[in-house]
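# Architecture at a glance
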Amino acid sequence: MILFVLVMAALSIKSCEPCCVDKVYSITVENKLIDTIQVYASLNYPDTSLSEEKPRLKMVYPNKYSRIDSKEKWENILPKDTVSVFILSKDTVDKYNWDEIRRDYNILKRYDLSIQDLKNNQWTIKYP
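Since the structure is predicted, the reported quantities are computational estimates derived from the model, not experimental observations.

Definitions and cut-offs
Residues numbered from 1 in each chain as written. Predicted model: local features only at pLDDT ≥ 70, side-chain atom pairs only at ≥ 80, totals over all residues. Heavy atoms only, no water. Helix = DSSP H or I, 4+ residues; strand = E, 2+ residues; numbered from the N terminus. Contact = heavy atoms within 4.5 Å. Pairing = 2+ DSSP bridges. Axes fitted to C-alpha atoms, helices over the stretch in contact; angles between N-to-C directions. Buried < 20%, exposed > 50% of the residue type's maximum accessible area, 1.4 Å probe, protein only.

### Describing the environment of K109
With respect to the helices, strands and loops of the structure, K109 is situated in strand β6 (residues 109-114). Taking the C-alpha atoms as reference, K109 lies 9.6 Å from S89; in sequence the two are 20 residues apart. Contacts of K109, omitting those with residues within four sequence positions, involve V85, F86, I87 and Y127.

### Describing the sheet that holds β6
The four strands lie next to each other as β3-β2-β5-β6, forming an open sheet whose pairing is antiparallel. With partners counted over all chains shown, the strands left at the sheet margins are β3 (58-60) and β6, one partner each. Taken over all neighbouring pairs, the strand axes of this sheet differ in orientation by 25° on average, direction set aside. Relative to β3, strand β2 (residues 37-42) runs antiparallel, the two sharing three bridges. Counted as the bridge partner of I37 is V60 from β3.

### What to know about the pairing of strand β4 (residues 65-70)
Of the two faces of β4, the one holding S66, I68 and S70 is buried and the one holding Y65, R67 and D69 is not buried anywhere. Judged from the six bridges that link them, strand β1 (residues 25-31) and β4 form a sheet pairing that is antiparallel. Considered in β4, the bridge of Y25 is made with S70.

### Overview of the pairing of strand β5 (residues 82-89)
Regular strands show a simple pattern: their side chains alternate between the two faces of the sheet. With eight of eight residues buried, β5 lies mostly within the body of the structure. Side chains of β5 alternate between two faces, with T82, S84, F86 and L88 and V83, V85, I87 and S89 buried alike. Taken together, the six bridges between β2 and β5 define a ladder with antiparallel strand orientation. Opposite V39, over in β5, you have I87 as the bridge partner. Note: β5 against β6, six bridges, orientation antiparallel. Counted as the bridge partner of I87 is K109 from β6.

Put into structure tokens, the structure is as follows:
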């Protein structure tokens, strides 16, 4: 009986992922500037306009990195196999309202990256 319990315990430990742990799929954004930037990802490619409502922006401090996370694999949620990642200056976001930023397309850079581009770069964007 003890042998049976030990075998069953060993099998259950090996065959299961940890309980209650959500898998997260990340795109890492590295900020190589001395200024703070803010970033967000859009799934609306080929529409590369800024979203109408202000998105949740991720802060990326100088010489640091931040992650844009998804609970699903990026390849499963991108309708056109491409994600647009917008880089904005924190100073701009602090100074102007979202409607002005959107109207003037006041971004530092936009990356339009396919799944293959992301894989080739180990899911990392280095700015600039």
